[in-house]
Amino acid sequence: MPTLTHLTERSAPFLHYLEQWYATLPSVALVEVIGTQPERVMLLSVDMINGFCKAGPLSGPRVAALSEPVAALMQRAYALGVRNLVLTQDTHDPQAPEFAAYPPHCLVGTEESQTIVELAALPFADEMTVITKNSLSSHLGTTFQAWLEQRPELETFIVVGDCTDLCIYSAAMHLRLEANALNRQRRVLVAATTVDTFDTPVEVAHQLGIMAHDGDLHHVLFLHHLAQNGVEVVGAFC
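A short tour of the structure in this document, coming up.

About the cut-offs
- Residues numbered from 1 in each chain as written.
- Predicted model: local features only at pLDDT ≥ 70, side-chain atom pairs only at ≥ 80, totals over all residues.
- Heavy atoms only, no water.
- Helix = DSSP H or I, 4+ residues; strand = E, 2+ residues; numbered from the N terminus.
- Contact = heavy atoms within 4.5 Å.
- Buried < 20%, exposed > 50% of the residue type's maximum accessible area, 1.4 Å probe, protein only.
- Pairing = 2+ DSSP bridges.
- Right-handed = clockwise from strand over helix to strand, strands pointing away.
- Salt bridge = Lys/Arg side-chain N within 4 Å of Asp/Glu carboxyl O.
- Phe/Tyr/Trp six-rings, centres within 6.5 Å; stacked < 30°, edge-to-face > 60°.
- Lys NZ or Arg CZ within 6 Å of the ring centre and 35° of its normal.
- Axes fitted to C-alpha atoms, helices over the stretch in contact; angles between N-to-C directions.
- Parallel < 35°, antiparallel > 145°, perpendicular 65-115°, else oblique.
- Nonpolar A, V, L, I, M, F, W, Y, C, P; charged D, E, K, R; others polar.

As for the side chain of Thr-194
Move 1: Structurally, the position occupied by Thr-194 is in strand S6 (residues 187–196).
Move 2: Excluding residues that lie within four positions of it along the chain, Thr-194 makes contacts with Leu-66, Pro-69, Val-70, Leu-73, Val-160 and Gly-161.

Structure, rendered in C-alpha cells:
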C-alpha cells in the first residue's frame, strides 16, 4: 500500500484551488435550462425522505436544510412545464447488506422511508413518480432504468437531494456515463445549493468507533469530481 506522508501540506495548494473553484461556481437560469421543451427535462430528487431529513440514525441538519430549497425548485420547474418528476428513495429490506456499512435506516413500511412533507404536500405530488431503492444506487435493482427507457426524449437531467458523495454522485455519474457510453447528447446538472452530505467530526468518530466524514470536504470534492467527468455543476438555479 502506498505511504502518504505530509498529506496535509502536500494537498494544501489543491485545497486552496478547490475553495476558489467552489466559491466561483456560476448560477444558471432555470428557465434557460428548461427552455421551450420541458417534456425533455427531468428533475430527479434522491433520498429526500424523513430518515435523512427529519429523524433516524442518518438524519442531520445539513440534509434537513435542503427540504425547502428542493421543494421550491420543484415548484419552479413544474410552473415551467416540467412533468417528469422522479423521487428515488431508500426503502430498505431489514436484511439489506448495506447495513454492514451504515446503521439500519429507512426500513420499508416505516416513517423514515416516507417522502418529506415539503414534497408530499406540493399540489402536484400525485404526479411525481416514487421509485424505491435498497442501496445507494438509484439505478441498480430498481425500476428507474425501465422508466427512463420508456422516455427516450429526455435529454436534460437535474439531480437534487442527498448525499453529494454517495447517492447523488452515484445517480449523476450513472446518467453521465450512460450517455457517454451510448454517444447520447445529454445534460446532467447538479446545483450546490440543492445537494449536501452529512458530517461526522473526527472526535465524534473516535468516540463512537466509526469512520469520520468531513461534510464540507466531501461535498466540494465530489462536486468537483462530477464536474471533472462532464456533469454540469453550478452554484444555484436562479
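Some remarks on the pairing of strand S5 (residues 156–162)
Move 1: In terms of burial, S5 is largely enclosed, as seven of its seven residues are buried.
Move 2: The alternating pattern of S5 places Thr-156, Ile-158, Val-160 and Asp-162 on one face and Phe-157, Val-159 and Gly-161 on the opposite face, and all of these are buried.
Move 3: Relative to S5, strand S2 (residues 41–46) is paired through six bridges, and the arrangement is parallel. The partner of Val-46 across the bridge, within S5, is Gly-161.
Move 4: Pairing of S5 with S6 involves six bridges; the strand directions are parallel. Residue pairing in the sheet places Val-159 in a bridge with Val-190 of S6.
Move 5: Following the backbone out of S5, through helix H8 (residues 164–181) and into the adjacent parallel S6, one traces a crossover that is right-handed.

Overview of the pattern of salt bridges
Move 1: In this structure the tally under the stated criterion is eight salt bridges.
Move 2: Lys-133 is the partner of Asp-47 in a salt bridge, and the nearest nitrogen-oxygen pair spans 2.9 Å. On the criterion of sequence distance, the pair formed by Asp-47 in the loop between S2 and helix H3 (50–53) and Lys-133 in strand S4 (residues 129–133) is long-range, its members being 86 residues apart.
Move 3: With its nearest N and O atoms 2.9 Å apart, the salt bridge here joins Asp-196 to Arg-62. With Asp-196 in strand S6 and Arg-62 in helix H4 (residues 61–64), this pair connects stretches of sequence that are 134 residues apart.
Move 4: Bridged by salt links that share partners, the residues Asp-47, Asp-90 and Lys-133 form one connected network.

Some points on the packing of aromatic side chains
Move 1: In this structure the tally under the stated criterion is four aromatic pairs.
Move 2: Between Tyr-78 and Phe-124 the ring centres are 4.0 Å apart and the planes differ by 5°, which places this aromatic pair in the stacked class. Here Tyr-78 is found in helix H5 (residues 67–79), whereas its partner Phe-124 is found in the loop between helix H6 (117–120) and S4, with 46 residues between them in sequence.
Move 3: A relative accessible area of 5% means that Phe-124 is categorised as buried.
Move 4: Over the ring of Tyr-78 we find Arg-83, and its NZ or CZ is 3.6 Å from the ring centre.

What about the packing of helix H1 (residues 7–23) against helix H10 (residues 215–228)?
Move 1: Orientation of H1 relative to H10, taken along the N-to-C sense of each, is 75°, at an axis distance of 10 Å. Overall, the two elements H1 and H10 adopt an arrangement that is roughly perpendicular. Contacts between H1 and H10 involve Phe-14, Leu-15, Tyr-17, Leu-18, Trp-21 and Tyr-22 on the former and, on the latter, Leu-217, His-219, Val-220, Leu-221, Leu-223, His-224 and Ala-227.
Move 2: Partitioning the contact of H1 with H10 into residue classes produces 11 nonpolar, two polar and no charged.

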